[in-house]
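Here are the chains, one letter per residue:
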Amino acid sequence: MTALSNVTSADPTDVIDESLGRTRRDLERRLVRKLDLRMCIVVVLNALNYVDRANISARLGGFEEDLHLKGQQYATVLSIVYVGYILMQLPSNMYLHWLERPAILIPSSMAIWGVVSALTGITKNYTGILLARLFLGFLEAPFYPGIMLLISGWYKRDELAVRTTLVTCGGVLSSSFGPLWLFYIEGGATVLAAISAFFILPDFPHNTRWLTPEERALAISRLAEDGYGRVDVLEKRTTLQGLQDALSDWKVWWFAAALIVQDVAFSFVIYFPTIAATLGYDTTVTLLLSAPPGVLATITSFAISRYSDKTRKRYIYIFASCATVALGFIISICTMNMAARYISMFLMTQIAVGQVVIWGWINNTFSREPAKRAAALAVISGMAQTGNILGSFVWPPAWGPTYRYSYAVCLVTLVVSTAMFGVMHLHLRRLNQRMEKDERDAKGIKELRGPYFDQKILSHTAILDSGEVLESQNGTGRSSRRGHKRLPYRTGRPPPPVPAKEQLEQKVWDLGFSPQGSVRSVRPIT
């Protein structure tokens, strides 16, 4: 009887709400799990992208000897691919935003670059390999910013860092091979993976064909509730307007400049087997020794990015990652002891942790408008490749085998980039504090809304359509212009004077809504 009494005395609406909440959470978990399985193909794609682009162990495998490269020609061959990235990442991402079909654009570019990578094996001299890699850079350009735009169109803000790790871990784990004949295998594998991606990769929530109607509605609504990727009611920004918004936002340029500097520090990655060779072992053992640090970096990246999503913090983990890497650089500068240098290699690879958290942070910072986010991701990624070009020349053979000058350059650039990210962290934290103050001040205002102002802003778009102040007639709430919605005046009460557009927008912001009637942008993640 006691149990029965407890059940019957419970509020039925509470029971229903709790049941609906559990059902919603279960459906959302299944949707995210289904999406994660689809996104796993990106691990393979990114690994092949990294293999085709970097070929980091080629120097050990006789790459320079096969092509008769001299002086800085090897560094030029490595860096020329990034020229295509710089020139093509922005146009490709703008086109992807307009097309809205990443499941077509990304695999198509992959298939073509796989063919080019395979044909790289027939090159016989410096000119041939230089042209092949330049063309390869143009074809690979759509991949990384396109993948970042794709995952940002599916996952909530507190899910992005670990998903960034998921889609980029293939690059950290990928092994590269030196002999030219292996370009045929790498290129063929890329083409096969691209064909598979046509059928596995999703597009965006509103146009992915393998979603059920319920899954589609859930995928869209959960992002809207997170305040992520919302499109303004009054005006959906076009691709060109998004580009203009991105180029006029100083945060885009600040992130780009910070990544340019950090990518110089990141340059040791493409020379990692060369660094491992300073331990004094033969080529086979050297390549084997290069693998464990990458495996540890991948494991750490998953752990830290997951915790970063959970705590909704970014910079503190970036700082910890950079501090660990700096310690590795300092050890390598100070000693040639084999054990110490190998330990430093494990420390240096932890820069991958900071990289994945940074890209999760960038996605969070430009989360609201898809057109602007597409342009911002491409501008930042494209400009950052300048650091890769510079970094390719930081490891000349003349500085070996100690490479102390190379480590010193990497250490300085790492410190500078960490400080630049710190400035962005302080800026976003100040914005959070300001928003918290505004929310505290708004508590009293919410209770003082006028009769013309409904909390859901049902008719606010009618007021702001033309930017004019609309008058009501006889207290009925009808607009003096045809086509506008009825304002939510209360029956029997005379309408108050309608404020100017700027005043009304300020009132809306004070109450926690955007001028377009959608929920105000959520606080930036720092």
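Source: prediction; values computed, not measured. (Residues numbered from 1 in each chain as written. Predicted model: local features only at pLDDT ≥ 70, side-chain atom pairs only at ≥ 80, totals over all residues. Heavy atoms only, no water.)

**With respect to the overall build of the chain**
- When its secondary structure is counted, the chain shows 21 helices and zero strands.
- Taking all 526 residues of the chain together, 53% fall into the buried category.
- In the chain, of all internal contacts separated by at least 6 residues, the share reaching a separation of at least 24 is 82%.
- Carbon and sulfur atoms make up 63% of the accessible area of the chain, which totals about 23,900 Å². (Helix = DSSP H or I, 4+ residues; strand = E, 2+ residues; numbered from the N terminus. Buried < 20%, exposed > 50% of the residue type's maximum accessible area, 1.4 Å probe, protein only. Contact = heavy atoms within 4.5 Å. Areas by Shrake-Rupley, 256 points an atom, 1.4 Å probe, with all protein chains shown as cover.)

**Brief notes about the packing of helix 4 (residues 73–99) against helix 11 (residues 239–247)**
- Helix 11 packs onto helix 4 with a crossing angle of 135° between their chain directions and a minimal axis gap of 10 Å. With respect to each other, helix 4 and helix 11 are oriented oblique. Between helix 4 and helix 11 lies a crossing whose hand is right-handed. Here Leu-90, Met-94, His-97 and Trp-98 of helix 4 lie close against helix 11, whose contacting residues are Thr-239, Leu-240 and Leu-243.
- Here the residues of the contact of helix 4 with helix 11 are counted per class, giving five nonpolar, two polar and no charged. (Axes fitted to C-alpha atoms, helices over the stretch in contact; angles between N-to-C directions. Parallel < 35°, antiparallel > 145°, perpendicular 65-115°, else oblique. Left-handed = near helix turned anticlockwise from the far one by under 90°. Nonpolar A, V, L, I, M, F, W, Y, C, P; charged D, E, K, R; others polar.)

**Some thoughts on the pattern of salt bridges**
- What the rule picks out here adds up to 13 salt bridges.
- Salt-bridge contacts for Asp-26 lead to Arg-29; the nearest nitrogen and oxygen are separated by 2.4 Å. Linking Asp-26 with Arg-29, this pair stays in helix 2 (residues 12–54), spanning three residues, or about one helical turn.
- Given the relative accessible area of 31%, Asp-26 is considered partly exposed.
- Across the pair Lys-372 and Asp-249 runs a salt bridge whose closest N-O atoms are separated by 2.7 Å. Taken together, the residues Lys-372 in helix 18 (residues 370–391) and Asp-249 in the loop between helix 11 and helix 12 (250–265) connect sequence positions 123 residues apart.
- Given the relative accessible area of 9%, Asp-249 is considered buried.
- The network of salt bridges with shared partners includes Arg-24, Glu-28, Lys-156, Glu-159, Arg-222 and Glu-225. (Salt bridge = Lys/Arg side-chain N within 4 Å of Asp/Glu carboxyl O.)

**Describing the packing of aromatic side chains**
- Across all of its chains, the model carries 23 aromatic pairs by this definition.
- Both rings, one in Tyr-307 and one in Tyr-317, keep their centres 6.0 Å apart while their planes meet at 85°; by these two values the pair is edge-to-face. Here Tyr-307, found in helix 14 (residues 283–311), pairs with Tyr-317, found in helix 15 (residues 315–334); they are ten residues apart in sequence, far enough to count as distant.
- For Tyr-317, a relative accessible area of 13% translates into the label buried.
- Plain terms: the ring middles of Tyr-342 and Phe-346 are 5.0 Å apart, the flat faces sit at 85° to each other, and that makes the pair edge-to-face. With Tyr-342 and Phe-346 both in helix 16 (residues 338–348) and four residues apart, the pair spans about one turn of that helix.
- Taking the relative accessible area as the measure of exposure, Tyr-342 reaches 19% and is therefore buried. (Phe/Tyr/Trp six-rings, centres within 6.5 Å; stacked < 30°, edge-to-face > 60°.)

**What to know about unusual backbone geometry**
- Of note, the bond from Gly-400 into Pro-401 is cis; its omega dihedral lies within 30 degrees of zero at 0°.
- One non-glycine residue, Glu-100, lies in the positive phi region at around 60°.
- Take Glu-100: it is sitting in the loop between helix 4 and helix 5 (102–119).
- Residue Glu-100 is classed as partly exposed on the basis of its relative accessible area, which comes to 25%.
- Positive phi values are uncommon outside glycine, yet Tyr-403 reaches one of about 55°.
- Note that Tyr-403 resides in the loop between helix 18 and helix 19 (404–446).
- Relative accessible area serves as the criterion here: at 6%, Tyr-403 is assigned to the buried category.

**Notes on helix 10 (residues 213–225)**
- Taking 1.5 Å of rise per residue, the 13 residues of helix 10 would be expected to cover 18 Å, and the 18 Å separating its terminal C-alpha atoms lies within 8% of that figure.
- Three or more residues of helix 10 are buried, namely Glu-215, Leu-218, Ala-219, Arg-222 and Leu-223. The buried residues of helix 10 all sit within an arc of 120° when viewed along its axis, so they share a single face. In helix 10, those exposed residues whose orientation departs by more than 90 degrees from the buried face are Pro-213, Glu-214 and Glu-225. (Expected span 1.5 Å × (residues − 1). Arc of directions from axis to C-beta.)

**Section: a nonpolar patch on the surface**
- Among the surface-exposed residues, Ile-104, Leu-192, Ile-195, Phe-198 and Phe-199 lie close enough to one another that they form a single nonpolar patch of about 510 Å² accessible area.
- With four residues, the top contributor of residues to the nonpolar patch is helix 9 (residues 182–200).
- One can find Phe-199 in helix 9.
- Judged by its relative accessible area of 65%, Phe-199 falls in the exposed class. (Patch = residues over 30% accessible without salt bridge, like charges linked within 9 Å, V, L, I, M, F, W, Y side chains within 5 Å.)

**Thoughts on the side chain of Ser-267**
- Summarising the element assignment, Ser-267 is placed in the loop between helix 12 and helix 13 (272–277).
- For Ser-267, a relative accessible area of 4% translates into the label buried.
- Ser-267 has contacts with Gly-391, Val-394, Trp-395 and Cys-410, leaving out every residue within four places of it along the chain.

**Some words on the side chain of Ser-79**
- Take Ser-79: it is sitting in helix 4.
- Only 3.1 Å separates the side chain of Ser-79 from the backbone oxygen of Thr-76, close enough to count as a polar contact.
- When neighbours within four sequence positions are excluded, Ser-79 is seen to be in contact with Ile-389, Ser-392 and Phe-393. (Polar contact = N/O pair within 3.5 Å; in protein donor to acceptor, adjacent residues only side chain to side chain.)

**Some thoughts on the confidence of the model for the chain**
- Here the chain averages 77 in pLDDT, while 72% of its residues score no lower than 70.
- Here residues 1–17 is modelled with pLDDT under 50, and outside its nearest four sequence neighbours on either side it reaches one contact, counting other chains as well.
- Low pLDDT, under 50, characterises residues 230–234; the predicted model gives this stretch 18 contacts beyond four residues in sequence or across chains. (pLDDT = per-residue confidence, 0-100.)

**Digging into the packing of helix 12 against helix 17 (residues 351–365)**
- For the pair helix 12 and helix 17, the least separation of the axes is 12 Å and the interaxial angle reads 170°. Regarding the angle of helix 12 to helix 17, the classification is roughly antiparallel. Between helix 12 and helix 17, the contacting residues are Lys-251, Phe-255, Leu-259, Gln-262, Asp-263 and Ala-265 on the first element and Ile-351, Gln-355, Ile-358, Trp-359, Trp-361, Ile-362 and Thr-365 on the second.
- Here the contact of helix 12 with helix 17 is composed, by residue class, of eight nonpolar, three polar and two charged.

**Looking at the environment of Pro-370**
- One can find Pro-370 in helix 18.
- Sequence-wise, Pro-370 and Ser-152 are 218 residues apart; in three dimensions their C-alpha atoms are separated by 9.0 Å.

**Digging into the environment of Asp-226**
- Position of Asp-226 relative to the elements: it lies in the loop between helix 10 and helix 11.
- For the pair Asp-226 and Tyr-155, spaced 71 residues apart in sequence, the C-alpha separation works out to 9.7 Å.

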